[in-house]
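These are the residues of each chain, in order.
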Amino acid sequence: MLKQTVQRLGGCISASRRNGDVHMKWKKHLFGNWVRSMSSKPQSNDNRSTSYSVPKERVECVVIGAGVVGIAVARALALKGRKVLVVESAPTFGTGTSSRSSEVIHAGIYYPANSFKAIFCVRGRDMLYEYCSQHDIPHKQIGKLIVATRSSEIPKLCDILDRGIQNGVDGLKMVDGVDAMKIEPELQCMKAILSPVTGIVDSHSLMLSLVGEAENHGATFTYNSTVIGGHVEGNDICVHVTETDRLKEWKGTSILHPELLLSSKLIVNSTGLSAPALANRFRGLKSGVVPPSYYARGCYFTLSNTKVSPFRHLIYPIPEDGGIGVHVTIDLNGQVKFGPNVEWIDSVDDISSFQNKFDYSVNPNRAERFYPEIRKYYPNLKDGSLEPGYSGIRPKLSGPSQLPADFVIQGEEIHGIPGLINLFGIESPGLTSSMAIAEFICTRFVG
Ligand SMILES: Cc1cc2nc3c(=O)[nH]c(=O)nc-3n(C[C@H](O)[C@H](O)[C@H](O)COP(=O)(O)OP(=O)(O)OC[C@H]3O[C@@H](n4cnc5c(N)ncnc54)[C@H](O)[C@@H]3O)c2cc1C
């Protein structure tokens, strides 16, 4: 197994003719086992330095970040016959936002017409259903109801329906409260949109399958490796990589040295919450192109003391500022959860963000705010039935009270660096859109 991986790697990373130790060191690193080689010790004074004393390797394509989007991109590139190296700071894939979502396959209803969110969600949903069916990924097209609980909300519901129809979402239908409550007897509402194409997916099985397929087509995933910057060198981009463990010892004031430079013609910055911070560390980017980032934590509470789910469909209220409302999600094991709410939080410094040191705590007292929200559409929710679950953080490009921003996919025409693709603001529906984003990158930037 080990031998096969080394052989496969041979085609991915060109051997360093200058320093055999360095090459060996990197290979070992790729198996999650850093071996410090004194001969490869960097001598530059700055993580942005172009000093050639730092070992350098050439790779055809580098994807930074192994969340669902980075994995989908790596798979798509590998299927096109490209040699891909995925560099991930965590010890394994999918430990960031991708393991903290509602796991909903969104239909594509809410987003402005012709936005990336609308286009990728609708296309990605179809691709996802097809992929899940073909690869036995647990998923279920259970449908969802978006509900107006007061007459004042009905105009908003009509706008949402129009938008969904404009976006090409199939099967949407407005139903009267009585009919919605026949479908879901525990529900209380005045009107609802029924979306039959919405579903749920086991996102971890999905990522596992995509990683496996990418690897079978020659992609290599390297974990515990953090990209800390980059620079342009001729027609290539060079990213600066270090062992994640080294960052744990970092005091915050000392200068960070890369341990390896990876030079490539295609680099995809798919680092989710960290993407703007990392892009700001690429030397040569045009000024003002990296959007400001905002972070909105979304917490979930699970329904305890209930063996059977009170609902068969996903139930969503009218969207709120920053999110799509505290909704009911049912996972594939039948576990019911409510959330996510919207809690705007402060950013962390770049290096902490690369190590995913965000505050994911769920304040149990928040349950007090969840009860009245949920009871608007589920009046029988019993006192004491909500238990703190988990939280995820949305990588947002617009702040409180601002209009929601679209996904941003930046190539050379925007930032000026050939071969660098920055993915910014990949919040919901990023899971649903992942395969469509990957398809877009391959078509638009790879050909
Ligand atoms: C609360 C919540 C609920 C959601 N629900 C849904 C839903 O139901 N349906 C849906 O479609 N979408 C949903 N989303 C959105 C979806 O989860 C995300 O869009 C998607 O997971 C983003 O994937 P990603 O690969 O871009 O980012 P991530 O999963 O965050 O992956 C980024 C990776 O980059 C790594 N990394 C960071 N910095 C560095 C570095 N410097 N060097 C190397 N690696 C680095 C991180 O460790 C991480 O593994 C939800 C999001 C949230 C927050």
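Once a new chain begins, its residue numbering starts again from 1 and follows that chain's sequence as written. Side-chain atom pairs in this predicted model are given and counted only at pLDDT of 80 or more, local residue features only at pLDDT of at least 70, and totals for whole chains, interfaces and linings cover all residues.

The protein chain is annotated in an unreviewed UniProt entry as L-2-hydroxyglutarate dehydrogenase, mitochondrial of Phaseolus angularis. UniProt positions are given in the numbering used here, feature names are shortened, and annotations may be inferred rather than shown by experiment. The Sequence similarities (unreviewed entry) field of the UniProt record for the protein chain holds the comment "Belongs to the L2HGDH family." UniProt, in its Cofactor (unreviewed entry) section for the protein chain, records the words "FAD".

Participant: Got a sec to walk through the environment of Gly212? Specific residues and values, please.
Facilitator: Structurally, Gly212 is set in helix H7 (residues 203-216). For the pair Gly212 and Arg75, spaced 137 residues apart in sequence, the C-alpha separation works out to 8.8 Å. For helices the rule is a DSSP run of H or I covering at least 4 residues; for strands it is a run of E covering at least 2, with both sets numbered from the N terminus onward.

Participant: Give me the site of the ligand: which residues, what numbers.
Facilitator: We call a residue near a molecule or strand when its C-beta atom, built from the backbone, sits within 6 Å of it. Not every one of the 43 residues close to the ligand is listed here, only the nearest: Gly65, Gly67, Gly96, Gly272 and Gly430. Elements represented by at least two residues in the shell around the ligand include exactly helix H3 (68-79), strand E11 (225-233), strand E21 (386-396) and helix H13 (430-446). Grouping the constituent residues of the shell around the ligand by class yields 16 nonpolar, 22 polar and five charged. Under this grouping Gly is polar, as are all residues other than the nonpolar Ala, Val, Leu, Ile, Met, Phe, Trp, Tyr, Cys and Pro and the charged Asp, Glu, Lys and Arg.

Participant: I'd like to hear about the sheet that holds strand E3 (residues 84-87), residue by residue, with values.
Facilitator: Pairing between two strands requires that DSSP report at least two bridges joining them. Pairing is mixed across the open sheet formed by six strands, whose spatial order is E10-E3-E2-E14-E23-E22. Lying at the two open borders of the sheet, with one neighbouring strand each, are strand E10 (220-222) and strand E22 (408-410). Strand-to-strand twist in this sheet, taken as the mean axis angle between neighbours without regard to direction, amounts to 15°. Bridge analysis of strand E14 (residues 266-269) against strand E23 (residues 420-424) gives three bridges, and the strand direction is parallel. In the sheet register, Ile267 faces E23, and the bridge partner there is Leu420. To obtain each axis, a line is fitted to C-alpha atoms, and for helices this fit is confined to the stretch in contact; angles are then taken between N-to-C directions over 0 to 180 degrees.

Participant: Describe the confidence of the model for the protein chain, naming the residues involved and giving the relevant values.
Facilitator: Confidence of the predictor at the level of single residues is given by pLDDT, which spans 0 to 100. Overall, the predicted model of the protein chain reaches an average pLDDT of 88, with 88% of residues at or above 70. What counts as a contact is two residues whose backbone-derived C-beta atoms lie within 7 Å of each other. Note that residues 1-52 has pLDDT below 50 and, in this model, 77 contacts with residues that lie over four places away or in other chains.

Participant: Quick one: what's the story with unusual backbone geometry, residue by residue and with numbers?
Facilitator: Pro340 follows Gly339 through a cis peptide bond whose omega is -10°. A cis amide bond, omega 10°, links Ser428 with the succeeding residue Pro429. Here Pro429 shows up in the loop between E23 and H13. Positive phi, close to 55°, is recorded for Asn224, a residue that is not glycine. Within the fold, Asn224 resides in the loop between E10 and E11.

Participant: Could you give me a rundown of the sheet that holds E11, with the residues and numbers involved?
Facilitator: Pairing within the open sheet is mixed, and its five strands lie in the order E1-E13-E12-E11-E15. Every interior strand has two partners, whereas the edge strands, strand E1 (56-58) and strand E15 (282-283), have only one.

Participant: Give me the lowdown on the environment of Arg312, citing residues and values where you can.
Facilitator: Assignment of secondary structure puts Arg312 in the loop between strand E16 (294-303) and strand E17 (314-316). Note on burial: count the other C-beta atoms lying within 10 Å of the residue's C-beta; 20 or more is buried, 12 or fewer is exposed, in between is partly exposed, and C-beta positions come from the backbone. Residue classification places Arg312 among the partly exposed residues on the basis of 14 C-beta atoms within 10 Å. When the C-alpha positions of Arg312 and Ile330 are compared, they lie 8.0 Å apart, and in sequence the two are 18 residues distant. Setting aside residues up to four positions removed in sequence, Arg312 forms contacts with Ile142 and Glu184.

Participant: Which residues make up H7, and what are the values?
Facilitator: A helix is expected to reach a length of 1.5 Å times the quantity of its residues less one. Its 14 residues place the ends of H7 20 Å apart at the C-alpha level, agreeing with the 20 Å of an ideal helix rising 1.5 Å per residue. Considered for burial, the residues of H7 that qualify are Ser203, Leu206, Met207, Leu210, Val211 and Ala214. The buried residues of H7 occupy an angular sector of 130° when the element is viewed end-on, so they sit on one face. Exposed and oriented more than 90 degrees from the buried face of H7 are Gly212 and Asn216. Against the buried residues of H7 lie H3, helix H4 (116-134), strand E9 (199-201), E10 and H13. Once H7 ends, the next one or two residues include Gly218, with phi positive near 100°. When we speak of the arc, we mean the arc of directions from the helix axis to the C-beta atoms.

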